[in-house]
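Commentary on secondary and tertiary structure
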Amino acid sequence: MPNKIIVVGANHAGTAALNTILDHYKDVDVTAFDANSNISFLGCGMALWIGGQISGPDGLFYSSKEILEGKGAKIYMETSVNSIDFDKKTVYVKDASGKDKEYSYDKLILATGSTPVGPQLPGMSLDNVQFVKLYQNAQEVIEKLGDTSIKKVAVVGGGYIGVELAEAFQRNGREVTLIDCAKTCLSAYYDEMFCKRMEKQLSDHGIHLAFEEKVERLEGNTRVEKVITDKNSYDADMVIFCVGFRPNTKLGNGQLRQFNKNGAYETDLMQQTSHPDVYAVGDCSTVYNNAIEDTDYIALATNAVRSGIIAAHNACGTELKSPGVQGSNGISIWGLNMVSTGLSLDRAKKLGFDAAATDYEDWQKAGFMEKDNYKVVIRIVYDKKTRRILGAQLCSDYDISMSIHLFSMAIQEKVTIDKLKLFDLFFLPHFNQPYNYITMAALNAE
Ligand SMILES: Cc1cc2nc3c(=O)[nH]c(=O)nc-3n(C[C@H](O)[C@H](O)[C@H](O)COP(=O)(O)OP(=O)(O)OC[C@H]3O[C@@H](n4cnc5c(N)ncnc54)[C@H](O)[C@@H]3O)c2cc1C
Ligand SMILES: NC(=O)c1ccc[n+]([C@@H]2O[C@H](COP(=O)([O-])OP(=O)(O)OC[C@H]3O[C@@H](n4cnc5c(N)ncnc54)[C@H](O)[C@@H]3O)[C@@H](O)[C@H]2O)c1
């Protein structure tokens, strides 16, 4: 077992690694550095906070320096790791008081996460042009929203963050324009028929949609006033950019093997990098995607936590391999719930699969259940040659979120669409129908 483990970055992935080491390996000397002043901020709460759906940010943290130190770790906050000598196994840091220090390790876990993509456009340095990632970003936006002259908010990027924030700003009493260069919102996660349903939900609630538009510049004096796209101009007192994340790999650039698509640290199933003593976890690293049966980049808190646990056990000498991931995800906007896992039909085809989809729409519960009964739309994507399930999407005003886990497991275990046809699903009128839409969609598959 190694004596000394250093964890760089102590947000979701780093905290998961630290907790695993502290809970299971009593004799390890574990030290963590984080450049920020807080640990474990749940970014998912930012929209709920802005939209007034929760009363404040207090519940959005589940760990702290004190909690981790109480379990035996040494935690240095506001301490940036500036460089690493991977041969000498030494990290070089600048501590909170500005002093340079160095620390040696036996095993290193990199959990340096990601940073929001910032397009290089004229006007990006104007006031009220915001990014949303850290707790401090959320605080700043909330503080600025105290200014009632901020009436119009433009959200650039209609992915998960953008759609959630569009709802949040509208709930907050602002006029919202949601801009995306793609044809629709959430297009990385869902096929068009699901995206269109979300589009309708957004426009029914007053969000102005501007899709297939490319932002060219921002205009204003000191404060932003306009977003100029290749097709239109929108008045905006605040502009939020949420056009994706980029892995933060400054410390290992050129020294550790990197994913050809975006430079994330390439890891194996044990989260080990190209250097045997170095692991990488969370948003700075790759995962194995079972749907494509290959290495991939999927930035999610869930993957951060799982990869943190895996790296910690391996760094401490217990071999643990990841079963891979499916990128399962979900969103709930004004009560419209959508969940997906694996590949959409569109993405499967783009990746070269001979893919097909089987769709079904029905009521959630038996027809005689007059209350709280909602329509559900399901799509299951499968490979026509191997019959392997590649993905699934569900959409309803009913809470169908738990159904997606079945498909996540099916993709992980390489279940075929035919196996799903007579799969045992219970029936109780309070919950579902004897001819369950999952069964019906599978039975209808060609
Ligand atoms: C608004 C928003 C909503 C989200 N909602 C969801 C959701 O609903 N579900 C979901 O699964 N995911 C969601 N995500 C994504 C999720 O937050 C990320 O996938 C997750 O934060 C990744 O965790 P991480 O620990 O790998 O990286 P990060 O959260 O990026 O943390 C990296 C840490 O490393 C530290 N660090 C970096 N470089 C250094 C250095 N050189 N020295 C010291 N410290 C360093 C940073 O200070 C930071 O604390 C959301 C993200 C945002 C922004
Ligand atoms: N509910 C959840 O699970 C949840 C919630 C929030 C964030 N997240 C994760 O956090 C990460 C970051 O989220 P995100 O919303 O920033 O990324 P995203 O990948 O979900 O969406 C980015 C969007 O920006 C658009 N875009 C890209 N460049 C653009 C440009 N120049 N102009 C206009 N539009 C542009 C894309 O078409 C896409 O729709 C993702 O991995 C996401 O899955 C997950």
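Residues numbered from 1 in each chain as written. Chains lettered and ligands numbered in written order. Predicted model: local features only at pLDDT ≥ 70, side-chain atom pairs only at ≥ 80, totals over all residues. Heavy atoms only, no water.

Here we look at the packing of aromatic side chains
Here is the rule we go by: Each Phe, Tyr or Trp ring (for Trp, its six-membered ring) is paired with any other whose centre lies within 6.5 Å, and the angle between the two planes then decides the class: stacked below 30 degrees, edge-to-face above 60, tilted in between. Under the scheme used here, helices are H or I runs from DSSP no shorter than 4 residues and strands are E runs no shorter than 2 residues, and both carry numbers assigned from the N terminus. With a 1.4 Å probe rolled over the protein chains alone, any residue whose accessible area is under 20% of its type maximum counts as buried; one over 50% counts as exposed, and the rest are partly exposed.
Following the criterion strictly, the structure yields 12 aromatic pairs and no others. With a centroid separation of 6.3 Å and 40° between ring planes, the pair formed by Tyr 374 and Tyr 398 is classed as tilted. Separated by 24 residues along the polypeptide, Tyr 374 in the loop between β23 (355-363) and β24 (375-383) and Tyr 398 in the loop between β25 (389-396) and α9 (403-412) bring together distant segments of the chain. Residues Phe 426 and Phe 431 carry aromatic rings whose centres are separated by 6.0 Å and whose planes lie at 75° to one another, so their mutual orientation is edge-to-face. For Phe 426, a relative accessible area of 51% corresponds to the exposed category. An aromatic cluster is present here, built from Phe 41, Trp 49, Phe 61 and Tyr 135 joined pairwise through their rings.

Here we look at the domain arrangement of the chain
The following threshold applies: Domains are outlined according to an automatic or database domain assignment. A contact between two residues is defined here by any heavy atoms of the two lying within 4.5 Å. By buried area we mean the combined loss of accessible area, with a 1.4 Å probe, across both parts when two parts are placed together. Put simply, a salt bridge is a Lys or Arg side-chain nitrogen that is within 4 Å of an Asp or Glu carboxyl oxygen. What qualifies as a polar contact is a pair of N or O atoms within 3.5 Å, subject to a donor-acceptor requirement within protein and to the restriction that residues adjacent in sequence count only when both atoms come from side chains.
Domain parsing of the chain yields domain 1 (4-115 + 254-316), domain 2 (118-241) and domain 3 (338-444). Here domain 2 and domain 3 have C-alpha centroids that lie 32 Å from each other. Listed per partner, the contact involves 9 residues of domain 2 and 15 residues of domain 3. For the pair domain 2 and domain 3, the two sides together bury roughly 990 Å², of which 59% comes from carbon and sulfur. Taken as a group, Tyr 190, Asp 191 and Phe 194 account for 60% of the area that domain 2 buries against domain 3, more than any other trio of residues on that side. Where domain 2 packs against domain 3, one counts 1 salt bridge. Between Arg 379 and Asp 191 there is a salt bridge, with the nearest N and O atoms lying 3.0 Å from each other. On inspection of domain 2 and its partner domain 3, the count reaches 7 residue pairs in polar contact (both at pLDDT 80 or more). Looking at which element gives the most residues to the side of domain 2 that touches domain 3, the answer is helix α6 (residues 192-204), with 4 residues.

Points about the site of ligand 2
To keep it simple, the criterion reads: Any residue with at least one heavy atom within 4 Å of a molecule or strand is counted as near it. Note on areas: Shrake-Rupley with a 1.4 Å probe; residue coverage comes only from the protein chains shown. Throughout, the ten residues Ala, Val, Leu, Ile, Met, Phe, Trp, Tyr, Cys and Pro are labelled nonpolar, Asp, Glu, Lys and Arg are labelled charged, and all others, Gly among them, are labelled polar.
Lining the immediate environment of ligand 2, one finds 18 residues, of which Ile 161, Asp 180, Tyr 189, Ala 299 and Gly 330 sit closest. Contact between ligand 2 and Tyr 189: an oxygen atom at 2.6 Å from a side-chain N or O atom of the residue. Relative to its unbound accessible area of 830 Å², ligand 2 is 76% covered by the protein chains. Grouping the amino acids of the shell around ligand 2 by side-chain chemistry returns 11 nonpolar, 5 polar and 2 charged.

A short note on the layout of surface pockets
Our working definition: Cavity: a set of points on a 1 Å grid over the protein atoms alone where a 1.4 Å probe fits but cannot get out. Pocket: an open set with protein on both sides within 12 Å along at least five of seven lines, its lining residues, like those of a cavity, having an atom within 4 Å of a point. Grid points are joined across faces, edges and corners, and a volume is the space filled by probe spheres set on the points.
The space that makes up the second largest pocket amounts to roughly 390 Å³. At the level of elements, α9 and α11 (437-443) are the ones that each hand at least two residues to the lining of the second largest pocket. Of the residues in the lining of the second largest pocket, the class split is 9 nonpolar, 5 polar and 1 charged.

Some points on the nonpolar core
Selection rule: To define a nonpolar core, start from buried Ala, Val, Leu, Ile, Met, Phe, Trp, Tyr and Cys residues and group those joined through side-chain atoms within 4.5 Å.
Core analysis: the largest hydrophobic core is formed by 40 residues, its most contacted members being Phe 169 and Met 198. The leading source of residues in this core is helix α5 (residues 160-171), at 6 residues. Taken domain by domain, the makeup of this core includes at least three residues from each of domain 1 (4-115 + 254-316) and domain 2 (118-241). Once residues lying within four places of it in the same chain are set aside, the contact partners of Met 198 are Val 163, Cys 185, Leu 186, Ile 331, Ile 333, Leu 336 and Met 338. One finds Ile 292, Val 339, Tyr 437 and Ala 442 within the second-largest nonpolar core, a separate group that totals 31 residues.

Let's talk about the sheet that holds strand β14 (residues 224-229)
To keep it simple, the criterion reads: At least two bridges found by DSSP between two strands is the condition for calling them paired. Convention adopted: a line fitted to C-alpha atoms gives each axis, helices being fitted over their contacting stretch, and angles between N-to-C directions are expressed from 0 to 180 degrees.
The 3 strands are arranged β13-β14-β15 in an open sheet whose pairing can be described as antiparallel. Only two strands of the sheet have a single neighbouring strand rather than two, namely β13 (215-220) and β15 (233-235). Going across the sheet, the axis of each strand differs from the next one's by a mean of 20°, ignoring polarity. In this sheet, β15 lies alongside β14 in antiparallel orientation, the contact comprising 3 bridges. Each bridged residue has a counterpart across the sheet, and for Lys 226 the counterpart in β15 is Asp 235.

Details of the pairing of β13
As paired elements, β13 and β14 share 5 bridges and run antiparallel to each other. Paired with Arg 217 across the two strands is Ile 228, which belongs to β14. Here β13 folds back onto β14, and the loop between the two strands holds 3 residues.

A short note on the sheet that holds strand β10 (residues 152-156)
Here 5 strands make up an open sheet; going across it, the order is β9-β16-β10-β11-β12 and the pairing parallel. The open sheet has two free edges, formed respectively by β9 (129-131) and β12 (208-211), since each of these has just one partner strand. Sheet twist, expressed as the mean angle between neighbouring strand axes with direction ignored, is 20°. Note that β10 and strand β11 (residues 175-180) share 5 bridges and pair parallel. From the neighbouring strand, Ala 154 faces β11, where its bridge partner is Thr 177. This element, helix α4 (residues 135-144), spans β9 and β16 (238-241) of the sheet and lies at about 145° to β9. Packed onto the sheet, α5 meets β10, β11 and β16 and runs at close to 165° relative to β11.

Section: empty space enclosed by the protein
Taking a probe equal in size to a water molecule and rolling it over the atoms shows the remaining empty space. Applying the stated rule across the entire model yields 1 cavity of 30 Å³ or more. Volume-wise, the largest cavity comes out at about 100 Å³. For the largest cavity, the lining is made up of 14 residues, of which Gln 271, Val 287, Tyr 288, Ser 322 and Val 325 are closest to its centre. Secondary-structure elements contributing two or more residues to the lining of the largest cavity are β19 (287-289) and α7 (301-315). Counting residues per element, the lining of the largest cavity draws most heavily on α7, which supplies 4 residues.

Looking at the UniProt feature "domain: Pyridine nucleotide-disulphide oxidoreductase dimerisation" (unreviewed entry) in the chain
Defined as follows: UniProt positions are given in the numbering used here, feature names are shortened, and annotations may be inferred rather than shown by experiment.
Residues given the UniProt feature "domain: Pyridine nucleotide-disulphide oxidoreductase dimerisation" (unreviewed entry) here are residues 337-431. This span, residues 337-431, is 22% helix and 34% strand, and a straight line between its end C-alpha atoms measures 17 Å.

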